[in-house]
Amino acid sequence: MDSAEFRKHAHELVDWMADYLEKVSSYPVRPRVSPGEILGKIPSLPPQDGEPFDRIFGDFTSIVLPGMTHWQHPSFFGYFPANNSEPSILAEMLTATMGAQCMSWATSPAATELEERMMQWLSAMIGLPATFTGVIQDTASTATLCSILTAREVRSRYSVNTRGYPSYTRFAAYCSREAHSSVEKAIKIVGMGKESLRKIDVDAAFAMRPDALEKAIKDDIKSGLTPLLVVAALGTTGTTAIDPLKEIAEICKRYKLWLHVDAAFAGSAFLLPELRGMLEGIELADTFVFNPHKWLFTNFDCSAYFVKDKEALIRTFEIMPEYLKTNEEHPVNNYRDWGIQLGRRFRALKLWFVIRHYGVVGLRETIRQHIQLAQELAEQIRASEDFELAAPVPLNTICFRYKSRRGTDIAAQNRLNQELMDRLNMTGRLFLTHTKLNDRFTLRIVIGQTHVRKEHVDEAWKLIQAQAHILGG
Ligand code: PLP
C-alpha cells in the first residue's frame with residue numbers, strides 16, 4: 001500500500017470510527033449470530049493474490065461487525081467493562097503506526113521512561129505508598145502469576161528457579177472462595193498443584209473471613225506444609241466484595257506470608273479519596289494489581305502491577321542471553337525482566353493520553369458518577385417488591401434477583417432468573433451477565449461503561465421490570 005492509498009483509507013477509517021462511536025448505542029449490544037456462522041463466511045484458505053482494501057473493509061463491515069459484541073455500548077452492563085475512550089483510541093493509532101517493540105530501554109527509550117512515569121502517576125492517583133514500583137502487564141492474570149512466582153522464589157531463596165521444587169517442601173496458598181479464577185490458574189501454572197490452594201470461607205458480604213484464613217494456615221503448618229502466600233481481593237468478580245485487607249495483612253505478617261492484592265476492577269475506585277479506607281493495610285502487601293483496561297477508559301490491554309521489592313521481581317525473571325545485552329543495563333528499566341513476555345507493546349502512551357485528557361479531576365468525576373448511578377439503581381431494586389438485592393453494593397456492581405411468586409423452590413427461582421437474563425439479552429437493548437451466590441443464580445449489572453448515563457440505567461431498569469412482568473413468576 002503506498003502512502004497516498006494509506007492516507008486515503010486512514011481518513012475513511014477515522015470517519016468510520018467517529019461514526020461508530022457516535023452511533024454505537026444503535027447496535028444490538030450482543031450480536032444475533034449462531035456458532036460457526038462467521039466461520040462459514042471466511043474462506044477456508046488464504047487468498048493467493050492480494051486484494052483491494054475496499055473489498056477487505058467491505059467484508060469487515062458485512063461479516064465481522066454483525067458478529068461483534070459492542071463492549072463500548074453504553075448499555076453494556078455485563079462482566080466487568082473493558083472500556084476505552086477517544087483519547088485512548090487515538091494513542092493506539094499512534095502506537096500501531098510506530099509499531100515499536102518495547103522490551104528494553106534501548107529498543108524504545110521513550111516508551112520505557114513514559115511507562116516508568118505513568119506508573120508513578122497511577123500510584124499517586126490511587127494513593128499507594130511510595131514504596132511501590134509499577135510496571136504494565138498485559139492482564140491481571142499475568143500480574144498474579146508474576147506475584148506467585150516471585151513469592152516462591154523469595155521464599156525458596158531463588159532455589160526453585162535453579163533446581164525445581166524440592167521433594168520435602170509443599171507450599172500452600174490462600175484466597176477466598178470468591179477470588180477470581182486467575183488465582184487457581186496461576187497456582188496450576190507454577191506447578192504447586194491446585195490442591196495446594198485453600199479457598200477460604202467468606203462472610204455474609206462475600207468477603208474473606210480472617211478467622212477462617214488463620215485457621216487454615218495453622219492447620220497447614222500442623223500438617224507439615226509451608227504456607228506461602230495469600231491473595232486478597234479488593235473487589236471480587238462476583239459482587240465486588242472487599243476482603244478485610246488490614247486484618248489479612250496482619251495475619252500474613254504474623255506467619256511471614258507473601259501478600260498479593262487483586263484489585264483488577266475496583267482499583268480505579270481508589271482514585272476517590274473517600275474510598276481509600278478499603279486500602280487500609282496496603283503498606284503491608286508485597287504486590288498489587290489493577291486494570292486501567294477495565295474501568296479507567298484505557299483500551300485493552302493495560303494492567304498496572306505494583307511491587308514493593310522490584311529487585312525480587314527482576315531476579316525471578318531476569319535472563320540474559322548475549323543477543324539481548326545492551327550498553328545500558330543498569331541505570332535504566334529493562335521491562336523484559338519484569339514479567340513473563342520478552343516482547344512488549346507500547347502501552348504507556350494510551351494511559352498518558354487518557355490521564356491528560358480527563359485530568360485526575362475528570363477521571364474522579366466519571367468514576368464517582370458511575371458509583372452514584374449504581375447506588376441509585378440499587379436503592380430502586382431494594383425498594384421494589386418484585387426484586388431483591390443479593391449482595392451489598394460497595395461500588396458500581398449490583399447483584400440482584402427477581403423474586404418468584406410461585407414459592408421458594410431454589411431450582412425454580414434459578415430457572416426464572418436465568419430466563420429473565422436470556423430474554424433481556426435477546427432484546428439487544430442491554431447486556432448483563434450472572435454469577436452464582438450460595439448456589440443461587442444471580443443477575444449482575446455493572447455500571448462502568450465510559451459513556452453510560454442516567455438515561456441508559458433508567459432504561460435498563462424499565463426493561464428489566466417489563467421483561468420480568470411478561471415472564472410472570
Ligand atoms: N481479578 C479479578 C478480581 C477480576 O475480576 C478479573 C477479571 O474480571 C481478573 C482478575 C482477570 O483479569 P484479566 O482479564 O486482566 O486477567
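Quick caveat: nothing in here was measured; it's all calculated off a predicted structure.

Undergrad: Requested: an account of the sheet that holds strand 3 (residues 197-200), with residues and values cited.
TA: Within a sheet, adjacent strands bond to each other through the backbone by hydrogen bonds, running parallel or antiparallel. The 7 strands are arranged 1-7-6-5-4-2-3 in an open sheet whose pairing can be described as mixed. Strands with a single pairing partner mark the edges of an open sheet, and in this sheet they are strand 1 (133-137) and strand 3. With direction set aside, neighbouring strand axes in the sheet form an average angle of 20 degrees. Running over the sheet, helix 7 (residues 181-189) touches strand 2 (171-176), strand 3 and strand 4 (226-233) and is turned about 165 degrees from strand 3.

Undergrad: Go over the layout of surface pockets, please, and point to the residues and values.
TA: The volume enclosed by the largest pocket comes to roughly 670 Å³. Lining the largest pocket we find 24 residues, and of these Tyr20, Gln72, Asn84, Ile89 and Asn299 sit closest to its centre. Of all elements in the fold, only helix 1 (3-23), helix 2 (53-64) and helix 3 (86-98) reach the threshold of two or more residues within the lining of the largest pocket. Considering each element in turn, the lining of the largest pocket owes the most residues, 5 residues, to helix 1. For the lining of the largest pocket, the per-class residue count stands at 16 nonpolar, 7 polar and 1 charged. The residues that make up the lining of the largest pocket include at least three from each of domain 1 (1-30 + 69-83 + 359-473) and domain 2 (100-345).

Undergrad: Would you mind going over the pairing of strand 6 (residues 287-290) in detail, with residue names and values included?
TA: Residue alternation in strand 6 divides its side chains into two sets, Thr287 and Val289 and Phe288 and Phe290, and both sets are buried. The sheet contact formed by strand 6 and strand 7 (residues 303-307) spans 4 bridges and is antiparallel. Considered in strand 7, the bridge of Thr287 is made with Val307.

Undergrad: A description of empty space enclosed by the protein should follow, citing residues and the corresponding values.
TA: Scanning the model with the defined rule gives 2 cavities of 30 Å³ or more in all. For the lining of the largest cavity, a count of residues per class yields 1 nonpolar, 6 polar and 1 charged. The space that makes up the second largest cavity amounts to roughly 40 Å³. As for the second largest cavity, its lining consists of Ile136, Gln137, Tyr335, Trp338, Gly339, Ile340, Gln341 and Arg344.

Scoring rules and cut-offs
Residues numbered from 1 in each chain as written. Predicted model: local features only at pLDDT ≥ 70, side-chain atom pairs only at ≥ 80, totals over all residues. Heavy atoms only, no water. Pairing = 2+ DSSP bridges. Helix = DSSP H or I, 4+ residues; strand = E, 2+ residues; numbered from the N terminus. Axes fitted to C-alpha atoms, helices over the stretch in contact; angles between N-to-C directions. Contact = heavy atoms within 4.5 Å. 1 Å grid on protein atoms, 1.4 Å probe; cavity = no way out; pocket = protein on both sides within 12 Å on 5 of 7 lines; lining within 4 Å. Points joined across faces, edges and corners; volume = space filled by probe spheres on them. Nonpolar A, V, L, I, M, F, W, Y, C, P; charged D, E, K, R; others polar. Domains from an automatic or database assignment. Buried < 20%, exposed > 50% of the residue type's maximum accessible area, 1.4 Å probe, protein only.

Scope: geometric values only; no functional claims are made or implied.
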